[in-house]
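So the chains spell out like this:
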Amino acid sequence: MSTAVKHVNKKFGDVQALYDVDLNIQDGEFLAILGPSGCGKTTLLRLLAGFESLTDGAILLDDSEVANNKMVVPPEQRNVSMVFQSFALWPHMNVREHIQFPLRHHHFVDRALKGKMADRVNEVLRIVELEDFSDRMPNELSGGQKQRVSLARAIAPEPKLLLMDEPLSNLDAELRMEMRREIQALHQLTKASIVYVTHDQGEALAMADRIVVMNKGKIEQIGTPEEIYYYPKTPFVATFVGKANLFKGTWHQSSVFTLENSAVSWRDWGIPDEIKKENLYPLRPEQITLTNQTQDQMTGVIRSRQFQGKEYHYSVDVAGQTIIAHLPISKKMEIGEEVAIMPLV
Ligand code: ATP
């Protein structure tokens, strides 16, 4: 299903949660909405689901308007399912009943699917590997199993659009990794469009076809994971997604960057114009090397060093700024040492 969010504004009383959000989601696409707490991710998802009314703008599902400032088509009349962070299971229903529920009650479930309800429930139980748990109640399941029930309930009615609100954040680190793979496999299998809300850049980069980065109710950038990671267009995206250091200085004819309070220049490696306009030079921690050859180089002093197995993470004081650099363990520097900071790009 194709989805269009057209210039949507959303206010809760005096609080404006979304500003002019404009976005198209292709049929079958896996789109991640990434941003810090309070940036409006959940609000956007709830508008897509039909749980909220919008203040201005419109939402279209397959070219048909489902929300504008005068009306909202309710969730059960949209071909949409949602997976919640809290699992949102019903304590009085067993696993099988959870999966049956949307097949019985959603308006958009077609007759053919309703006619083979028992088969569909068994098929979904198999997909999420819960065949042996179909009679269990929610309080008899682990966190990972609960989230699988919540996924099963969502995919059972074959929705064209699957909305996921931080579905893995209540699981431990190892299980999160496993469930990432399972959600990717579900996407391949169902071919539904997925809108996946997260504040975890690792999840968004790993799973999505495209990422929408949001900040303070606005879209900062939309792009593939590679575009967002390698070519952030705003200082916010550069620091939020790639944890980039932003060096201050001056761009000359958009090709050479001179560092602030220094005669040292660095070359352009395809830095987006939007960042150049701010006279900034972004370097992620792994794009920096530190050496003892300090002559004619940008220098700083090592403040801290953390051993991380494959590498050392250094923080370095440079011209009133603290920057982070990740170096292989062959490059061991001492705290207090003066070092040259050089781009690896
Ligand atoms: P988180 O990652 O913490 O869940 P979020 O990015 O999903 O955050 P939203 O829940 O969409 O953010 O909230 C966006 C803004 O709207 C916040 O400032 C929030 O306080 C406000 N907000 C959300 N729901 C309501 C509500 N029902 N009434 C008033 N303000 C609200």
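An account of the accompanying structure is given in this report.

Criteria and cut-off values
Residues numbered from 1 in each chain as written. Predicted model: local features only at pLDDT ≥ 70, side-chain atom pairs only at ≥ 80, totals over all residues. Heavy atoms only, no water. Helix = DSSP H or I, 4+ residues; strand = E, 2+ residues; numbered from the N terminus. Polar contact = N/O pair within 3.5 Å; in protein donor to acceptor, adjacent residues only side chain to side chain. Contact = heavy atoms within 4.5 Å. Core = buried A, V, L, I, M, F, W, Y, C linked by side-chain atoms within 4.5 Å. Buried < 20%, exposed > 50% of the residue type's maximum accessible area, 1.4 Å probe, protein only. Near = heavy atom within 4 Å. Areas by Shrake-Rupley, 256 points an atom, 1.4 Å probe, with all protein chains shown as cover. Nonpolar A, V, L, I, M, F, W, Y, C, P; charged D, E, K, R; others polar. Pairing = 2+ DSSP bridges. Right-handed = clockwise from strand over helix to strand, strands pointing away.

1. Regarding the side chain of Asn245
Part 1 of the argument: Summarising the element assignment, Asn245 is placed in strand 11 (residues 245–252).
Part 2 of the argument: Polar side-chain contacts of Asn245 include one of 2.8 Å to the backbone oxygen of Ile324.
Part 3 of the argument: Other than its neighbours up to four places away in sequence, Asn245 contacts Tyr281, Pro282, Leu283, Arg284, Pro285, Ile288, Ile323 and Ile324.

2. Considering the nonpolar core
Part 1 of the argument: Judged by nonpolar contacts, the single largest core of 44 residues is most densely connected at Ile99, Met164, Ile183, Tyr196 and Ile211.
Part 2 of the argument: When residues in this core are grouped by element, the largest group, five residues, is from helix 5 (residues 143–155).
Part 3 of the argument: When residues no more than four places from it in sequence are discounted, the contact partners of Met164 are Leu45, Val83, Leu151, Ile183, Ile194, Val195, Tyr196 and Val197.

3. Describing the site of the ligand
Part 1 of the argument: Taken together, Phe12, Ala17, Pro36, Ser37, Gly38, Cys39, Gly40, Lys41, Thr42, Thr43 and Glu166 make up the full set of residues adjacent to the ligand.
Part 2 of the argument: Contact distances for the ligand include 3.0 Å between an oxygen atom and a backbone N or O atom of Gly40.
Part 3 of the argument: Taking 630 Å² as the accessible area of the ligand by itself, protein coverage stands at 58%.
Part 4 of the argument: Examining the composition of the shell around the ligand, we find that three residues originate from one element, helix 1 (residues 41–49), more than from any other.
Part 5 of the argument: Of the residues that constitute the shell around the ligand, the class distribution is four nonpolar, five polar and two charged.

4. Thoughts on the pairing of strand 8 (residues 193–198)
Part 1 of the argument: Burial analysis of strand 8 places six of its six residues in the buried class, which makes it a mostly covered element.
Part 2 of the argument: Burial of the side chains of strand 8 extends over both faces: Ser193, Val195 and Val197 are buried on one face and Ile194, Tyr196 and Thr198 on the other.
Part 3 of the argument: Pairing of strand 3 (residues 30–34) with strand 8, which is carried by five bridges, proceeds in the parallel orientation. Bridging from a neighbouring strand, Leu34 pairs with Thr198 of strand 8.
Part 4 of the argument: Pairing analysis gives five bridges linking strand 7 (residues 161–165) to strand 8, with the strands arranged parallel. Paired with Met164 across the strands is Tyr196, a residue of strand 8.
Part 5 of the argument: Note on the crossover from strand 7 through helix 6 (residues 173–190) to strand 8: the handedness is right-handed.

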